[in-house]
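Summary of structural features
Here is what each chain is made of, one letter per residue.
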Amino acid sequence: MTKTEIRPAQLADLEQILKIYEYARRFMAENGNPTQWHSGYPKRELLELDISLGRLYAVTRDGGICGAFVFFIGDDPTYSYIEGSWRSDAPYGVIHRIAGIGGGIFTAALEFCKDRISHLRIDTHHNNKPMQHVVEKAGFSRRGTIYVEDGSSRIAYDLI
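Residues numbered from 1 in each chain as written. Predicted model: local features only at pLDDT ≥ 70, side-chain atom pairs only at ≥ 80, totals over all residues. Heavy atoms only, no water.

Among all positions in helix α4 (residues 129-137), only M131, Q132 and V135 are buried. For α4, the angular spread of buried residues about the axis comes to 100 degrees, placing them on one side. Of the residues in α4, the exposed ones pointing more than 90 degrees away from the buried face are K129, H133 and K137. Residues of α4 that are buried make contact with β5 (93-100), α3 (105-114), β6 (120-124), β7 (141-147) and β8 (153-159). For α4, the N-terminal capping position is held by N128, with its side-chain oxygen 3.2 Å away from the main-chain nitrogen of M131. (Buried < 20%, exposed > 50% of the residue type's maximum accessible area, 1.4 Å probe, protein only. Helix = DSSP H or I, 4+ residues; strand = E, 2+ residues; numbered from the N terminus. Arc of directions from axis to C-beta. Contact = heavy atoms within 4.5 Å. Polar contact = N/O pair within 3.5 Å; in protein donor to acceptor, adjacent residues only side chain to side chain.)

A cluster of nonpolar side chains, contributed by Y23, F27 and I101, occupies part of the molecular surface with about 250 Å² of accessible area. As for its placement among the helices and strands, F27 is situated in helix α1 (residues 14-30). (Patch = residues over 30% accessible without salt bridge, like charges linked within 9 Å, V, L, I, M, F, W, Y side chains within 5 Å. Areas by Shrake-Rupley, 256 points an atom, 1.4 Å probe, with all protein chains shown as cover. Salt bridge = Lys/Arg side-chain N within 4 Å of Asp/Glu carboxyl O.)

What follows deals with the packing of aromatic side chains. A complete count under the given rule lists nine aromatic pairs for this structure. Pairing F69 with F112 gives two aromatic rings, centres 6.0 Å apart and planes at 75 degrees, and the pair type is edge-to-face. Here F112 lies in helix α3 and F69 lies in strand β3 (residues 64-73), a separation of 43 residues in the sequence. This pair shows no difference in class: F69 is buried, exactly as F112 is. Considering the side-chain rings of Y79 and Y92, the 6.5 Å spacing of their centres and the 55 degrees angle between planes classify their relative orientation as tilted. With a gap of 13 residues between them, Y79 in the loop between β3 and β4 (83-84) and Y92 in the loop between β4 and β5 connect regions that are remote in the sequence. In this structure, Y79 and Y92 share a single accessibility class: buried. Members of the aromatic cluster, connected to one another through ring pairs, are Y57, F69, F71 and F112. Stacked on the ring of W86, the Lys or Arg R121 has its end atom at 4.0 Å from the ring centre. (Phe/Tyr/Trp six-rings, centres within 6.5 Å; stacked < 30°, edge-to-face > 60°. Lys NZ or Arg CZ within 6 Å of the ring centre and 35° of its normal.)

That bond from Y41 to P42 is cis: its omega, -10 degrees, falls within 30 degrees of zero. Positive phi is not limited to glycine here, since D62 has a value of about 50 degrees. As for its placement among the helices and strands, D62 is situated in the loop between β2 (56-61) and β3. The phi angle at R97 is positive, at roughly 50 degrees, despite the residue not being glycine. As for its position among the elements, R97 is in strand β5. By relative accessible area, R97 is classed as buried at 13%.

So this is what it looks like as structure tokens:
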């Protein structure tokens, strides 16, 4: 059985991670969600910043990178306003920009994050039905609508 591991991403990982996000953009476009990560999002510069802040993680199998996600513990300005309500104001961890090639990426990332803090928040685009399915299947509760930097809305979830 192949072992999945998670480690902090490094600048040397960036080319592989960019290919994973490219794959994710194609997957979303082919599955009814063409606008969530349009225009090459996330950009190299953002990922470099995430790496420098120690919040971008690489998911590996057999020595190769098969996924990536952002995780940090602390307040996220994106979640400061919600049309709806959070179930708790306690400290929380945030999962953003999760993408991968192959199954089990979300489950591995979620276990990694839950090992660090039990209260988690995540959001996704209204058209991202596959992500909504895995988030809800994992036990997250739909809490309402939040708005990202460009003003577009996202479905917000928490897990306590």
